[in-house]
Every structure is written in C-alpha cells, then in structure tokens.
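Chain and residue survey
Chain by chain, the residues:
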Amino acid sequence: MTATDAVLGAPVERREGREKVTGTARYAAEFDAPGRAQAWPVPATVARGRVTGVDSAPALALPGVLAVLTHENASRLGEPDDPTLAVLQGPHVPHRGWFVGLVVAETLEAARAGAAAVRVTYETEPHDVTLTASHPGAYVPESANGGFAAVTKHGDPDGALASSATRVDVAYSVPPLHNHPMEPHTSTAHWDGDRLTVHSSSQGTTAVQKELARMFGLPEDRITVRAEHVGGGFGSKGTPRPEVVLAAMAARETGRRVTVALPRRYLPAVVGHRAPTLHRLRLGADTDGRLTSLVHEVTTHTSRVKEFVEQAAVPARVMYGTPALRTAHRVAALDVPTPSWMRAPGECPGMYALESAMDELAAELGVDPVELRIRNEPETEPDSGKPFSSRHLVECLREGARRFGWEDRDPRPRSRTDGPLLIGSGVASATYPVLVSPCVAAARALPDGGFLVRVNATDIGTGARTVLAQVAADALGAPLDRVRIEVADSGIGFAPMAGGSSGTASWGSAVHEACARLAGRLAEHSGPLPDEGITAEADTSGTADAESPYARHAFGAHFAEVTVDTVSGEVRVRRLLGVFAAGRILNARTARSQFIGGLTMGLGMALTEDSTMDPVFGDFVERDLASYHVPAHADVANLEAHWVDEQDAHLNPMGSKGIGEIGIVGSAAAVGNAVHHATGIRFRELPLTPDRVLTALLEHEHPAGMLGV
Ligand code: MOS
C-alpha cells in the first residue's frame, strides 16, 4: 500500500470534531464584539396585499430598542438577483411571513419585544395557496430547476401505453417539506467605513458576497463573507437568505455590529421549502416485464415572487430503458412562500413516485421488484442517448438484496405477522447526477515542511475540510498531518456552494490541481525553501465545467423492512439498508455519515415529515420541531450504508461522484413499498402517518358501509 492509498478513502475523523463537541466552534451568531446589537424581524400577518401603515412608536419606547426598519425608512438597495431578498423595499406583501420590518435592539429579548410591539396595518387581497392537479393557473415553464427542459418526449408514449400488455396508471402526492437545519439561518454583519464583513450561516460565501455587492452597490472586494462552521442547510442555505441582507442593512443603519438569527418559527416562510408535487405515472410493460412506455407528469407550485420548478420528472429520463418516454412539468404560481432546494430537489420526490410505480408494476406483473429493475436496465441514458461514464445500479441491487436477505422474502402481501404487527419489506432504486463547477485553490509549501491549502469551500457538517485535506495530501504525496487547510472565506477566491452533491468534486478538483502543480515545483526546487514558501494556484474554469460526452450519475438501491401496527396504525422502520455506487469514496467515515443522514431524512419523508398549507391563513401550520416531525433516535433503529467499489475515469482527478444527496433519493419509496408488502394496501400520499394508515387498515378489514358510519 502506498502513502496515497492510505490517505484517500481512509476513515479520517473530522478536523473540527473536537471544537464542535467542546462547544468552541463558532457559528454565525457567536461572532460577538462590544456593542453588538441583535435584530428580530417582523413577518407579515396577511397572505396577500400591502402594508398601509406601520406604527413603530410602541417598539421604540421599549428599553433597549435602537431602531425599527420598515419599507418606509429603510434605504433603497440595488435589485437582487434573487427577488426573495428584496426585503423592506416596498409595501407589497406576496405571502404570509414575508418580512415587513426589523427591530434592532441591545439584546435579543429587547428585539423580540420590540418586534411584537410594532403595529402594522394592511390592505388585503384574496389569496390562493391551494395546489391541485387541475389548477387553472398551472402552466408549462420554460425550464425546470437546474435548467432542465420542462418536457421531453421520445417515441409514441400514448400509443405504446394503449397497446401494452400490462399497465399502471397511478397518482402520488408528496407534501411540501421543510429543510429545518439544526442551526437556523443567521448572519452577523459589521461595517468598517465602506467595507462590510459578514459571518453568515450559508452553504457558500461567493454567492452571498456577489448578492450583497449587487444590493449595496459595492465592489466585491470590499465585502468579506465567512462561514466557518455551519449547522446544516440541506439546500436552504444554498443561496443568500433575507437575514443576511437585513443584518447588513441594520448594521449600516445603526453603526453597530448586528446579528440577525432567524427564529425557527419564521424559517418555513422565508428560506424555501420542497414544493409539493402531484405526480401521474403511467407505465406500460410487455409480458416479460420490459417497459414499453413510461410517462411521468408533475404538477407543482411556486410563489409569485420567483419561479422555482421542482424538477421531479427528471430522474425518469435517466433510470430505465423504454422505447417510449415522456416527462413533463407544470407549475402554478400561488400566494405561497417561495420554494427552493431541499436535499436532492427533483430526484427525491420524483424517485418516490417512479419507484413506487415500479413496485406497483412488479406486483401487477408478478415479477420480483428487484428483478423488474434489473430487466429494465438501459444500454445508454434513455433521454440523451449518451453512454454512462459508469453505472452499477444492478450491482447495488444485487449486493443490497444479498445483505438484506431478500431471497427469503415471501412476495405475497400480508404474509408475515408478529402479534398485532404486519411485517413487510420493500426495495427502491436511487440516482443522483454528477455535478461540478469551477473553483480556485492555492497550495503553499512552507520551510518547516508543512503545507497550507486555501479553498473557499463550506463545511456544513459534511466533513468537507477533512476530505479536502485528504485530497491535498494525496496530490502532494505528503502526510495528512502536515496539511493545514483554510476554507469558507470569500477572500480566498470564488468557489461553488456546498450543494448539488458537487462540493467535493468542485473544490477537490481545484485543490488537487494546485497541489499537483506545487508538487511539480517542489520536485524541481533544490535547497531550503524561501521564508514565504512556494505557492501554486489553480482555477478550474473551463475544465471543471466542460461538457462531458458521458451521462454521469451515481446510483444506489434501498431495502426497507417495516412493521405496521394494526392497533395504532403506526409504521416503524426496523431496517433500512442502502448500497451505493458513487465513484471512489474519499473518506469512509464521513461518506457513511452522509449516506446514513440521507436515509434518515428519507425515513422522515416517508413517515412523519409534512408541511400543511392552511388555505385560510395562507400559512404553513408546522413551524417548529414539535409539529414538524423529523426522525428522532428511537425512530432510526438499524440503518446501514454500503458501497460498491466503482472506478470511473470520466469524473475528476479523485474519481469521485457526489454523495450528499443520493442517500435520501428513493428511500421513502422503499419504505412505502414495504408498507404495501406488509399491509396489501397501496398508500399514494406521503407521509404514512398513523391516522392515514389506521383508516386504511380499518377500511381494508371492514369495506365501505361495514363500519356503520
Ligand atoms: Mo443541496 S439541496 O443541493 O444543498
């Protein structure tokens, strides 16, 4: 084994682990200094309309309150790229929870009391927040999130469906979901003359810096954004959020350092959500179980502020071979908060629907669901016709089946019980694209034999800084403990965000290139190094983002075993197992954590997570972790993540695919399919809460009319 083999892939511990568990790692709210003020936003209490008046006097009369900012007195900012950031710029209220004011005070308590004392009056207009599959306002957008075509078509899907030996025509519904990271969105801002420094809880400082420059009319080099430690994001911190604009605005207004830490209750309205998706899936198959047609149609919502289209029909363009394929998105702009990215946007809800429908098709055909997927393995990417750079879905399915003990399964629904429990198991496939963006990095060799690597990566808890140090040590041929790494500072240079499962590939490519170049220089150098050391830089613009002739995706397979309590209707996941093919795994410890985290989030999506839109108030009802149920430890009994060794020379210097999101993709379908196997009942609306399950179980036992209701 060479030194290189030892470092890439090794289960290295997170470099900041000790700081985090001892509480010394500082998050955005913790960059304190004398005179630091706190601010609390004032959310709109109507779903649509305009502010007609603000009475700030009662707030200003409270002790400690320094200022009340509203659209009447806040300075006009430049137009943001993202219209959700145009806060306090006018009286318009596009949805409930939109910020209409900000109270700045000496303490958090005073700011909160001040915000409660501000009196806002509104003129309201009728609102519409209810998505239906036949919503008259639904339209076909120019493109879906990620720039994907809204509609694609190959062959004659309708004709092929009509002549198929077996058909499935089903509808699924995924509710709105919220990211709810542990650390709510927070920014601390201070001005030093016309220089602005911000500590922001963000997935990427470059985007924050650019947006602030645009809005505050400053050259980018006068703005420094840092995000040293970030308590999760799951996509909701992938773009700047209103709190960073408010913090910078309030700091300029008051001359103070100002922290805006959003109360968790305000997050559902202002930091994005996974948009609800209504799916219609039509699958046709021949008698051998080979697909003859696949039609996936999605209807979703966006806000009136900004168009965001959850690209949920996109994974159907990747997964299975079929001579006829149609995928389509429609969106309705409603008076709702603006949806955005949540872990595996598109793939996550899309694969729930597609993989549930595949299970229905398997049942219809009497074919084993693992075998059905294997039979429909495509030669090339169905939509583009491109060859896959690597695709090991079949290996994942087989390895998963082996580890899970799938062959012992009795395929008949309701065939296994344990007292009042029904027991079932299910399978689903997973996929997530390989994405990569340009980035800069620098590596310096120091006279003491150490190395300093700088890259503006963000470590949102994934272990990014640790993995990047491994990439650097590998390229330098140096021991890992000689490599120091600096991340999460816009001053280092541009970098893409921690999102799209693209961080390690993007930052890592730049780090690898800078380090390889430095190693080359060192090889040519003789004698001691100069005091300032020797530096090499890299900029992957034009290479990292070059179009690939290959279809590049990670794949995986999920296996779930559930129990369904016939007395309470409660579903519990006994076992959830994922096997992934995601290129080279760069750190076995942090990778496992990403996969397990994704599985856990999929378990929550299947069983408990649900944001409901109140049609009267135009508000998400669940605004805290007591009502928005994410899995707790007791819910996560036995989760396993494994991977197959995948060599792919068409990716990046590390040979890696992204791993942050694929763990959630398909896992909810595996759970849902297991619930069908346990109960014989097909649930097509998430989540599978006891009320829904028990109602269906009672219906099943006592068909309509028998209950006497
Ligand atoms: Mo992820 S939803 O791309 O941050």
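Thresholds applied
- Residues numbered from 1 in each chain as written.
- Predicted model: local features only at pLDDT ≥ 70, side-chain atom pairs only at ≥ 80, totals over all residues.
- Heavy atoms only, no water.
- 1 Å grid on protein atoms, 1.4 Å probe; cavity = no way out; pocket = protein on both sides within 12 Å on 5 of 7 lines; lining within 4 Å.
- Points joined across faces, edges and corners; volume = space filled by probe spheres on them.
- Nonpolar A, V, L, I, M, F, W, Y, C, P; charged D, E, K, R; others polar.
- Core = buried A, V, L, I, M, F, W, Y, C linked by side-chain atoms within 4.5 Å.
- Buried < 20%, exposed > 50% of the residue type's maximum accessible area, 1.4 Å probe, protein only.
- Contact = heavy atoms within 4.5 Å.
- Pairing = 2+ DSSP bridges.
- Helix = DSSP H or I, 4+ residues; strand = E, 2+ residues; numbered from the N terminus.
- Phe/Tyr/Trp six-rings, centres within 6.5 Å; stacked < 30°, edge-to-face > 60°.
- Lys NZ or Arg CZ within 6 Å of the ring centre and 35° of its normal.
- Domains from an automatic or database assignment.
- Buried area = accessible area lost by both parts, 1.4 Å probe.

With that out of the way, let us pick up the layout of surface pockets. Of the volumes computed, that of the second largest pocket is approximately 420 Å³. In terms of lining, the second largest pocket is formed by 20 residues, of which the most central are Val42, Pro43, Ala44, Thr45 and Tyr266. Residue composition of the lining of the second largest pocket, grouped by class: 12 nonpolar, 2 polar and 6 charged.

Formed by 91 residues in total, the largest nonpolar core has its most connected members in Leu281, Leu283, Leu354, Phe559, Val562 and Val564. Discounting chain neighbours no more than four positions away, the residues touching Phe559 are Val370, Cys396, Leu397, Gly400, Ala401, Phe404, Trp406, Gly426, Val427, Arg575, Leu576 and Leu577. Counting 61 residues, the second-largest nonpolar core is a separate cluster that includes Val46, Val225, Ala248 and Val305.

Pairing is antiparallel in the open sheet, where 3 strands are placed in the order β4-β2-β6. The open sheet has two free edges, formed respectively by β4 (92-93) and β6 (119-124), since each of these has just one partner strand. Sheet topology note: the strand β2 (residues 49-55)/β4 ladder contains 2 bridges and is antiparallel. By the bridge assignment, Arg50 is partnered in β4 with His92.

Turning our eyes to something else, we now look at the packing of aromatic side chains. Using the criterion set out here, one finds 10 aromatic pairs in the structure. Aromatic pair Tyr172 and Tyr352: ring centres 5.8 Å apart, planes at 80 degrees, arrangement edge-to-face. With a gap of 180 residues between them, Tyr172 in strand β10 (residues 166-174) and Tyr352 in helix α9 (residues 347-365) connect regions that are remote in the sequence. We classify Tyr172 as buried; its relative accessible area is 2%. Above the face of the Phe388 ring, Arg391 is positioned so that its terminal group lies 4.9 Å from the ring centre. Over the ring of Phe404 we find Arg575; its NZ or CZ atom is 3.9 Å from the centre of that ring.

A word on the domain arrangement of the protein chain. Examined at the domain level, the protein chain breaks down into domain 1 (17-25 + 437-539), domain 2 (33-126 + 182-232 + 237-270) and domain 3 (145-176 + 274-434 + 550-700). On a C-alpha basis, the centroid separation for the pair domain 1 and domain 2 is 34 Å. Taken residue by residue, the interface counts 18 residues in domain 1 and 17 residues in domain 2. When domain 1 packs against domain 2, close to 1300 Å² is buried across both sides, 47% of that on carbon and sulfur atoms.

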